[in-house]
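# Report on the structure
As a plain string of letters, each chain reads:
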Amino acid sequence: MTRSDDWPRASLNARGITKNFTGVRALAGVDLDLPTGKVTALMGENGAGKSTLLKILSGDYQPDEGTIEIGGKAVTFATPFDSRAAGLRVIAQEPEIVPFVSVAENIYVGALPGSRGIVSQRQLQDRARADLERFGFERFLDPATRGIDLSPAQRQMVEIVRALIGDPQVICFDEPTSSLSDSETGVLFDLIVRLRDEGRAVGYVSHRMREIFQIADTVTILRDGRLIGSREIRDTSVGEVVRMMVGRDLSTMFERNRHELGEVALELEAVSTDDVTDISLTVRRGEVVALAGLVGAGRTELALAIAGDRPVTAGTIKVHGVAQRFRSPADSIAAGIGLAPEERKADALIMVRSVRDNIALAVLGGLSRFGVVDRRKERQLAEKYIAQLRIRTPSMAQLMQNLSGGNQQKVVLARWLAKATDVLILDEPTRGVDVGAKAEIYAIVDELAANGVAVLVISSELPEVLGLADRIIVMQEGRVTGELTHAEATEERILTLAIADHFSAEGVQP
Ligand SMILES: Nc1ncnc2c1ncn2[C@@H]1O[C@H](COP(=O)(O)OP(=O)(O)OP(=O)(O)O)[C@@H](O)[C@H]1O
Ligand SMILES: [Mg+2]
């Protein structure tokens, strides 16, 4: 990272890239330029072809047509190894982490220091600690932690460190912040600015408009596998970028309808678990309550406890006024609670089954008569949500594993939205979802609330929290630090409660 300024740097130029999968044209003659010393954002709706393009650059996929030049020289990548040898690194949307080995081992997978001799854990961890410090991640990651114990944010950081130790010329990030909190995003952005200022070419995929305008120099837009165009960030606007992405005007602001609130559906009285302490809250029928806070504040742990997936060590959970003792998720589902988890791929997806089966999974009981699944109803349900959430798939029979990341998210979310529960907990419901579909998800949440569902939303995106919630409960380090009504809430107030006495408010860019 600290090579001299005259280190030769290379830009990347791809021309006419085309890639077909069975029944899907993922890319059709796309050009991409990643110049040195610039951050180039790549944007487009879920399924537009962004990850496919990056997987061609990383050597994971071979293009059907097209050429790639690095520093003016034509290159072809038969394998990921060739791409790395040419000085290119792509940080994937789904980091691959080996579960039962340490962070240090995960970082140096395939590049173990002194690999001819035997490497001691101590050496490896010292070296990992030094690399983590070099990139600013030391306060988030311990080199000794096992892969399986890492949060999504930590996994992402391991992937980034792993990519940067190879000193690449061209670096592409595929939605690196979708699991990062604001402070972690701040660290990543400092790092990206450094990489750019060192003259490297940076490619950056994200659905978060604000980030693009904060970090990118240029934005390149794909729609349906085609290049729509590029704009200098200083010459464009959010409105123009959204228009180029979705091909129509779209209001980016979402305003919910407020509903009449009914009785208290979910009540927590001084609930504690191994990770959260003394949590009291209520959610009424027709109400949307948001849990805000930094990643690691204990929001997901709390959600899992409410859903019967973590033991409650003290306090009481009441549903419709009745105290409950959940021994498993099945108990909480029986009591009318549904949880759409944060880790959708690992926890919930059945990747080798169809989109239709995955949506129908939620309501299997309701769709079968005398134990026979009603195929027609199953099809209607899948059709409805594919249309409503704009799930991009050639058919409802497509396997989940062939969908783009954001479209997989939408399918799992559809499953929970379709399930008739009294209390619905949504953990980061729009993570990785494009701007058009976000608005649809908000509209569905609004409709559920109008129908008397009590909704608890966990979200790290402040505009989402502000747009969606009637009430906002802020957590920090396993405790509630404050509660704001919709009218009182501002981004600053939420952040102040989320980081009080922990980090200084400066340096955390919302
Ligand atoms: N292995 C595959 N087999 C079949 N179709 C695929 C495969 N990989 C991707 N596709 C399809 O190619 C299209 C582009 O997918 P891609 O993953 O590149 O989208 P994306 O722009 O990265 O979307 P997201 O924002 O959701 O991550 C999608 O329609 C997707 O379903
Ligand atoms: Mg993608």
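Only a predicted model underlies this, so the values are computations on that prediction, with no experimental measurement involved. (Residues numbered from 1 in each chain as written. Chains lettered and ligands numbered in written order. Predicted model: local features only at pLDDT ≥ 70, side-chain atom pairs only at ≥ 80, totals over all residues. Heavy atoms only, no water.)

### Description of the overall build of the protein chain
Of regular secondary structure, the protein chain possesses 18 helices and 22 strands. In the protein chain, buried positions account for 53% of the 510 residues. Of the accessible surface of the protein chain, which amounts to about 22000 Å², a share of 48% is contributed by carbon and sulfur atoms. (Helix = DSSP H or I, 4+ residues; strand = E, 2+ residues; numbered from the N terminus. Buried < 20%, exposed > 50% of the residue type's maximum accessible area, 1.4 Å probe, protein only. Areas by Shrake-Rupley, 256 points an atom, 1.4 Å probe, with all protein chains shown as cover.)

### Quick look at the packing of aromatic side chains
The tally for this structure, following the rule as stated, stands at three aromatic pairs. Ring geometry for Phe21 against Tyr61: centres 5.3 Å apart, planes inclined by 70 degrees, an arrangement best described as edge-to-face. A residue pair is termed long-range when its members are at least 10 positions apart, and Phe21 in strand β1 (residues 12–21) and Tyr61 in the loop between α1 (50–57) and β4 (65–70) qualify at 40 residues. Plain terms: the ring middles of Phe173 and Tyr204 are 6.4 Å apart, the flat faces sit at 50 degrees to each other, and that makes the pair tilted. In this pair, Phe173 is assigned in strand β7 (residues 170–174) and Tyr204 in strand β8 (residues 201–205), connecting sequence segments 31 residues apart. (Phe/Tyr/Trp six-rings, centres within 6.5 Å; stacked < 30°, edge-to-face > 60°.)

### Here we look at the sheet that holds strand β12 (residues 279–284)
On the basis of which strands lie adjacent, the open sheet formed by four strands has the order β12-β11-β14-β15 and antiparallel pairing. Of all strands in the sheet, those bounded by a partner on one side alone are β12 and β15 (322–324). Direction aside, neighbouring strands of the sheet carry axes that sit 20 degrees apart on average. Where strand β14 (residues 314–319) meets β15, three bridges bridge the pair, whose relative direction is antiparallel. Its bridge partner lying in β15, Ile317 is registered against Gln324. The strands touched by helix α9 (residues 299–306) within the sheet are β11 (264–272), β12 and β14, with β11 carrying the most contacts at an inclination of about 115 degrees. (Pairing = 2+ DSSP bridges. Axes fitted to C-alpha atoms, helices over the stretch in contact; angles between N-to-C directions. Contact = heavy atoms within 4.5 Å.)

### Here's the deal with empty space enclosed by the protein
Rolled over the atoms, a probe as big as a water molecule pinpoints where empty space is left. For the structure shown, the criterion picks out three cavities of 30 Å³ or more. Around the largest cavity sit Ser181, Asp182, Gly293, Leu294, Arg299, Ser459, Ser460, Leu462, Ile494, Leu495 and Ala498, which together line it. Sorting elements by how many residues they give to the lining of the largest cavity places helix α18 (residues 491–499) first, with three residues. The residue makeup of the lining of the largest cavity, split by class, is five nonpolar, four polar and two charged. Approximately 70 Å³ is the volume found for the second largest cavity. The wall of the second largest cavity is formed by 13 residues, among which Glu175, Ser178, His207, Arg208 and Gly432 lie closest to the centre. Among the residues forming the lining of the second largest cavity, the class breakdown is two nonpolar, six polar and five charged. Taken together, domain 1 (12–97 + 150–246) and domain 2 (262–336 + 423–431 + 455–505) each give at least three residues to the lining of the second largest cavity, which thus spans both. (1 Å grid on protein atoms, 1.4 Å probe; cavity = no way out; pocket = protein on both sides within 12 Å on 5 of 7 lines; lining within 4 Å. Points joined across faces, edges and corners; volume = space filled by probe spheres on them. Nonpolar A, V, L, I, M, F, W, Y, C, P; charged D, E, K, R; others polar. Domains from an automatic or database assignment.)

### A short note on the pattern of salt bridges
Scanning the entire structure with this criterion turns up 26 salt bridges. One salt bridge in this structure joins Arg392 and Asp224, with 2.8 Å as the shortest N-O distance. With Arg392 in the loop between α14 (375–388) and α15 (405–418) and Asp224 in the loop between β9 (218–223) and β10 (226–232), the pair connects residues that are 168 residues apart, well separated along the chain. A relative accessible area of 31% means that Arg392 is categorised as partly exposed. Its relative accessible area of 46% is what places Asp224 among the partly exposed residues. (Salt bridge = Lys/Arg side-chain N within 4 Å of Asp/Glu carboxyl O.)

### Quick notes on the site of ligand 1
Surrounding ligand 1, one finds 22 residues, the nearest of these being Gly47, Lys50, Thr52, Ser404 and Gly406. A distance of 2.9 Å separates an oxygen atom of ligand 1 from a polar backbone atom of Asn402. Alone, ligand 1 offers 640 Å² of accessible surface; in the complex the protein occludes 92% of this. Looking at the shell around ligand 1 residue by residue, the classes come out as six nonpolar, twelve polar and four charged. When residues are assigned to domains, the shell around ligand 1 turns out to be shared by domain 1 (12–97 + 150–246) and domain 3 (343–420), each giving three or more. (Near = heavy atom within 4 Å. Polar contact = N/O pair within 3.5 Å; in protein donor to acceptor, adjacent residues only side chain to side chain.)

### Remarks on the environment of Thr22
On the secondary structure map, Thr22 appears in the loop between β1 and β2 (24–34). You can call Thr22 exposed: its relative accessible area is 79%. Considered as a pair, Thr22 and Asn402 are 380 residues apart in the sequence and their alpha carbons are 10.0 Å apart.

### What to know about the nonpolar core
One finds Phe137, Phe173 and Ile192 to be the most contacted residues of the largest nonpolar core, which totals 48 residues. At seven residues, the largest contribution of residues to this core is made by helix α5 (residues 152–164). Met351, Ala414, Ile444 and Val455 belong to the second largest nonpolar core, which has 35 residues in total. (Core = buried A, V, L, I, M, F, W, Y, C linked by side-chain atoms within 4.5 Å.)

### Let's talk about unusual backbone geometry
A positive phi angle is found at Asp224, which is not glycine, with a value near 50 degrees. Phi is positive for Asp278, close to 55 degrees, though the residue is something other than glycine. Mapping Asp278 onto the fold places it in the loop between β11 and β12.

### Examining the side chain of Asp167
Relative to the helices and strands, Asp167 is located in the loop between α5 and β7. Since its relative accessible area comes to 15%, Asp167 is described here as buried. Polar contacts involving the side chain of Asp167 include one to the side chain of Arg200, which spans 2.7 Å.

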